[in-house]
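Commentary on secondary and tertiary structure
Each chain, letter by letter, is given below.
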Amino acid sequence: MESARDYHIVPVEEARSFIQRCMVATGTRESHANDLAEVLVTADHRGHYSHGMNRLDMYVNDIKNGITVSDKDPVILKETAATAWVEGNNVLGPVVGKFCTDIAIKKAKEAGIGWVVAKGSNHYSIAGWYALKAMQEGLIGMSFTNTSPLVTPTRAQKPSLGTNPIACGAPAKDDDGFVLDMATSAVALGKIELNDRKGIPIPDGWGSDASGKVSNDSKAVLSGGGLMPLGGTEMCSGYKGYGLGMMVELFCGILGGANYGPNIRKWKSSSEVANLGQCFVAINPEAFAPGFPDRMQSFIDDFRNLPAAEGETEVLVAGDPERKHIDKVKKDGGLSYHKNLIEHINTLANSLNVEPIKTID
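In what follows, the accompanying structure is described.

Scoring rules and cut-offs
- Residues numbered from 1 in each chain as written.
- Predicted model: local features only at pLDDT ≥ 70, side-chain atom pairs only at ≥ 80, totals over all residues.
- Heavy atoms only, no water.
- Pairing = 2+ DSSP bridges.
- Helix = DSSP H or I, 4+ residues; strand = E, 2+ residues; numbered from the N terminus.
- Axes fitted to C-alpha atoms, helices over the stretch in contact; angles between N-to-C directions.
- Contact = heavy atoms within 4.5 Å.
- Salt bridge = Lys/Arg side-chain N within 4 Å of Asp/Glu carboxyl O.
- Expected span 1.5 Å × (residues − 1).
- Buried < 20%, exposed > 50% of the residue type's maximum accessible area, 1.4 Å probe, protein only.
- Arc of directions from axis to C-beta.

Some remarks on the sheet that holds strand β2 (residues 75–79)
An order of β2-β3-β4-β11-β5-β6-β7 is seen for the 7 strands of this open sheet, with the pairing classed as mixed. Whereas interior strands pair on both sides, the edge strands pair on one side only; in this sheet they are β2 and β7 (177–182). Here the average twist between neighbouring strands, direction ignored, is 15 degrees. Examined bridge by bridge, strand β5 (residues 140–145) and strand β11 (residues 276–283) share 6 bridges and lie antiparallel to one another. What sits directly across from F144, in β11, is C279. Against the sheet, helix α5 (residues 128–135) touches β5, β6 (166–171), β7 and β11, its axis set at about 20 degrees to β6.

Given below as structure tokens:
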């Protein structure tokens with residue numbers, strides 16, 4: 001049984017600084033390290049611990065092994081007033097994502113919409129960060145990425161599709177808004193890894209073993225099995241998650257000319273570049289009916305004000321759990337990391353001759 005004593009509190013700025021220190025120690029350009037740190041810390045700040053500090057060793061190893069580079073920058077290959085096709089040049093995913101999102105925002109302000117697709121990218125942490133950047137400019141933001149084949153399609157045995165997340169953010173009033181950030185798998189791989197690190201079982205419908213059967217054993221999923229599509233089994237509509245994952249692939253690998261589906265390298269492989277495809281969209285609500293923020297606020301409040309079901313206290317909309325977590329971080333004085341993760345990243349820091357992460361407890 002876990003308790004508060006199993007966790008340590010790390011100030012947000014210290015978490016950001018620690019990631020920067022580790023990445024620079026591997027030879028990453030400071031600006032690229034800063035872009036990565038910003039996204040990873042935002043992931044943890046919003047409660048998506050599977051995609052933040054938990055992923056640091058992967059980025060470090062990719063740079064150290066030369067499978068991801070930091071001596072180049074993304075470039076535009078082709079563009080129109082509202083679209084762009086980008087070559088990521090195999091730099092860190094958040095560097096590509098920030099570059100593309102900035103282009104999409106600029107085009108949305110000028111043409112009403114910006115649709116940018118990249119090839120040659122890498123893992124970019126949470127999809128929601130890029131939607132949030134558009135929201136900060138008063139725009140609707142969307143982001144999609146393909147990933148290594150971790151999901152076993154409905155009725156199959158072998159993982160052949162990525163977790164292929166979808167993010168959509170829409171601004172309302174007074175910094176409120178709708179922020180959907182979800183994998184098209186039942187869960188992200190990182191959540192199964194976290195359960196494995198903590199030594200606790202995974203729920204039904206999260207993953208399958210090497211034969212395609214549902215499993216509660218994280219090790220069976222991580223060693224030869226696969227994640228299940230959103231919905232889980234076919235009886236529980238897992239085929240819908242499977243279809244959504246293919247849709248994301250259409251926008252990313254297929255449209256962008258990147259690797260796609262089973263052709264993407266295996267997760268954490270260091271023998272070939274990822275060449276991920278990613279898609280970033282910004283839409284200017286002012287190009288459509290006036291009064292968007294007011295209607296959006298009314299819309300999300302309609303749901304929040306619904307009577308809660310028996311045993312529940314409130315109805316939430318996408319983005320509310322993350323807002324609650326941000327408030328918790330403020331109350332706690334920092335980010336809450338499991339002792340096993342702290343031990344893991346300090347071992348990494350020691351190998352890089354970097355100062356260990358500082359906790360306040």
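Picking up where we left off.
Some thoughts on the pattern of salt bridges
If you walk through the whole model with that rule in mind, you get 25 salt bridges. Residue E355 pairs with K358 through a salt bridge whose shortest N-O separation is 3.0 Å. In the salt-bridge network here, residues are joined through shared partners; they are D176, D301, R304, D320 and R323.

With respect to helix α11 (residues 339–351)
With 13 residues, α11 extends 19 Å between its outermost C-alpha atoms, agreeing within 8% with the 18 Å of an ideal straight helix rising 1.5 Å per residue. Those residues of α11 not exposed but buried are L341, I342, I345, L348 and A349. Angular distribution of buried residues about the axis of α11 spans 125 degrees; they occupy a single face of the element. Turned more than 90 degrees off the buried face of α11, the exposed positions are E343, T347 and N350. Packing partners of the buried residues in α11 comprise β1 (7–10), α1 (12–25), α3 (56–64), α6 (189–198) and β12 (335–338). Of the residues flanking the end of α11, it is N353, one or two places downstream, whose phi is positive at about 55 degrees.

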